Amino acid sequence: MIAPALAASAADLLAAVAHAIDDDALDSWPDFFTEEAPYRIVPRESYEAGEPIGILSCQGRGMMRDRVLALRTANIFEPHTFCHVLSRPALSRAGDGTLASRCNFALYRTQQAGGTELFAAGKYLDQIVERNGSLLLGSREVVLESRRIDILIVLPI
Amino acid sequence: MIAPALAASAADLLAAVAHAIDDDALDSWPDFFTEEAPYRIVPRESYEAGEPIGILSCQGRGMMRDRVLALRTANIFEPHTFCHVLSRPALSRAGDGTLASRCNFALYRTQQAGGTELFAAGKYLDQIVERNGSLLLGSREVVLESRRIDILIVLPI
Amino acid sequence: MIAPALAASAADLLAAVAHAIDDDALDSWPDFFTEEAPYRIVPRESYEAGEPIGILSCQGRGMMRDRVLALRTANIFEPHTFCHVLSRPALSRAGDGTLASRCNFALYRTQQAGGTELFAAGKYLDQIVERNGSLLLGSREVVLESRRIDILIVLPI
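Conventions used here
- Residues numbered from 1 in each chain as written.
- Chains lettered and ligands numbered in written order.
- Predicted model: local features only at pLDDT ≥ 70, side-chain atom pairs only at ≥ 80, totals over all residues.
- Heavy atoms only, no water.
- Contact = heavy atoms within 4.5 Å.
- Buried area = accessible area lost by both parts, 1.4 Å probe.
- Salt bridge = Lys/Arg side-chain N within 4 Å of Asp/Glu carboxyl O.
- Polar contact = N/O pair within 3.5 Å; in protein donor to acceptor, adjacent residues only side chain to side chain.
- Helix = DSSP H or I, 4+ residues; strand = E, 2+ residues; numbered from the N terminus.
- Least-squares fit on C-alpha atoms with pLDDT ≥ 70 in both.
- pLDDT = per-residue confidence, 0-100.
- Buried < 20%, exposed > 50% of the residue type's maximum accessible area, 1.4 Å probe, protein only.
- Pairing = 2+ DSSP bridges.

Caption draft 1: Representation of the interface of chain A and chain C. On the side of chain C, 23 residues touch chain A, which itself brings 20 residues to the contact. Summed over both partners, the interface of chain A with chain C comes to about 1,800 Å²; 48% of that surface belongs to carbon and sulfur atoms. Joining chain A to chain C, the criterion identifies two salt bridges. Salt-bridge contacts for Arg 102 of chain A lead to Asp 23 of chain C; the nearest nitrogen and oxygen are separated by 2.8 Å. Run the count over chain A and chain C and you get eleven residue pairs in polar contact (both at pLDDT 80 or more). Elements with a minimum of two residues in the side of chain A that touches chain C: β3 (80–86), β5 (99–111) and β6 (116–131) of chain A. When residues of the side of chain A that touches chain C are assigned to their parent elements, the largest contribution, five residues, is made by β5 of chain A.

Spelled out as structure tokens, the structure:
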């Protein structure tokens, strides 16, 4: 079992990352990761088949920042907002002493002219590590239930 | 960081408020607030623009009770039920020592003849205070993702 | 108030049960229950009317295993995957010293050819008991918001 205070901090981290995306605070989004953290978005079917190619793949904060900058510059998609609802994460110790987390989520999108609709459901598979007394994402795999991928998925989720 | 026992009590309060609405126990809904607590429902766009006008605004328990009574008396809308799913709240200390809470939610509505559908998604922005050993809402702002507001929104959310 | 460590363990149990269904690990699903635990799926309307007949009713692990086996054998429905998002459970002490839990949920279904959609919303009403140092479901009632029941509901939810 994970110590309650650590479990709470890990869940707080997941909430903070979700809120950063919801708030369109994408410039600070890479700061939730370690310098070299991989970030990948992959459909469940590919994930379960062990296919290495995802929808989006970043290796480390630098690539994440480039991705956010590209989004800011080439803003070709309809304005929208995101709202995440996270389930309780299941936490366990990985072999190397880091925390492994699985957290189901639903992501709702609201477009300027329209109503709110389900954009995606899936799970975050995270490695959570401590750096200088704070928790960070050492890796994140976003496994989406659906294969039907919207072009907007170039965004962080 | 908020002490774990206090954080748990705050999250329990948010769940209890949601369940009261889900159970149509609206008569007891104002009891989750302090006597003078403001309650406001506002679309995200207006909230972010700092516009003072919301969709619904109550100042204190008295106005909340009036609102509930009006609903009970002039029951002009189709019967339905609500079901809230809350994300993990992000808690922090406000300047005055009270707790500030942000909690994303999805709200599902089921109408008598129909299926269950997403009614709203958004976040509760709450001030949580202690009164006689219990936690209460010292203020609540319900920020809805969508501007498209159903007439039913005269209900507490 | 429930001790924080116990509350965390109870919430972890609920997450584990949901993940087992999401992972289609239905063979291990009955193991989350006590040997004689009742499991029932019932629409909210029937539940509130006190009607004894549910959509699905199992009495104990044996019946649950039979149900899963039947599903595995007579696989007549379109392949799909489930993804649960759970709200925070409200926990209380039942008269007999066991834990009573109420946990709202949204359940998303993804069919092979399609996108992800809301399949059901509702609440788990559970009795949680300790057996040999672990928590188990001593009973589970799945109360669904909608009366419109898909044939797929022969599945555990």
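Caption draft 2: Local environment of the relation of the copies chain A and chain C. Once chain A is rotated about the relating axis by 120 degrees and shifted along it by 0.0 Å, it coincides with chain C to within an RMSD of 0.0 Å. Between the two chains, the operation in question is that of a three-fold axis. The position closest to the rotation axis in chain A is occupied by the C-alpha of Ser 87 of chain A, lying 3.7 Å away. Of the residues that chain A buries at the interface, just 15% are likewise interface residues in chain C, meaning the two copies contact each other through different surfaces.

Caption draft 3: Fine view of the confidence of the model for chain A. Residues and elements named next belong to chain A. Summary statistics for chain A give a mean pLDDT of 91 and a share of 94% for residues scoring 70 or more. Mean pLDDT per element in chain A: helix α3 (residues 61–73) is the minimum at 90, and strand β7 (residues 134–144) is the maximum at 97. For this predicted complex, the interface score ipTM comes out at 0.93, while the overall pTM is 0.95.

Caption draft 4: Geometry of the pattern of salt bridges. Per the stated rule, a full pass over the model turns up 33 salt bridges over all chains. Among the charged side chains, a network of salt bridges with common partners joins Arg 44, Glu 48 and Glu 145 of chain A.

Caption draft 5: Main features of the relation of the copies chain A and chain B. For the pair chain A and chain B, the relating rotation is 120 degrees, the translation along its axis is 0.0 Å, and the fit reaches an RMSD of 0.0 Å. Little of the interface of chain A is mirrored in chain B, where only 13% of its interface residues are also at the interface.

Caption draft 6: Highlighting the interface of chain A and chain B. Contacts between the two partners involve 23 residues from chain A and, on the opposite side, 20 residues from chain B. Between chain A and chain B, the buried area comes to about 1,800 Å², and carbon and sulfur atoms account for 48% of it. If you sort the residues of chain A by the area they bury against chain B, His 19, Val 85 and Tyr 108 of chain A come out on top, with a joint share of 26%. Taken together, chain A and chain B are joined by eleven residue pairs in polar contact (both at pLDDT 80 or more).

Caption draft 7: Representation of the pairing of strand β3 (residues 80–86) of chain B. Residue and element names in this part refer to chain B. By the criterion of burial, β3 is predominantly enclosed, with six of the seven residues buried. Here β3 runs beside strand β5 (residues 99–111); their pairing, made up of seven bridges, is antiparallel. Counted as the bridge partner of Thr 81 is Thr 110 from β5.

Caption draft 8: Broad picture of the side chain of Thr 110 of chain A. With respect to the helices and strands, the residue Thr 110 of chain A is situated in strand β5. At 2.8 Å, the side chain of Thr 110 of chain A and the side chain of Thr 116 of chain A are in polar contact. Look past the residues within four positions of Thr 110 of chain A in its chain and what remains in contact with it is Pro 79, His 80, Thr 81, Gly 115 and Thr 116 of chain A together with Glu 145 and Ser 146 of chain B.

Caption draft 9: Fine view of the environment of Leu 91 of chain A. Residues and elements named next belong to chain A. Looking at the element boundaries, Leu 91 is found in strand β4 (residues 90–93). For Leu 91, a relative accessible area of 22% gives the class partly exposed. Sequence-distant contacts of Leu 91, that is, excluding residues within four places in its chain, are made with Ile 2, Ala 7, Ala 10, Ala 100 and Ser 101.

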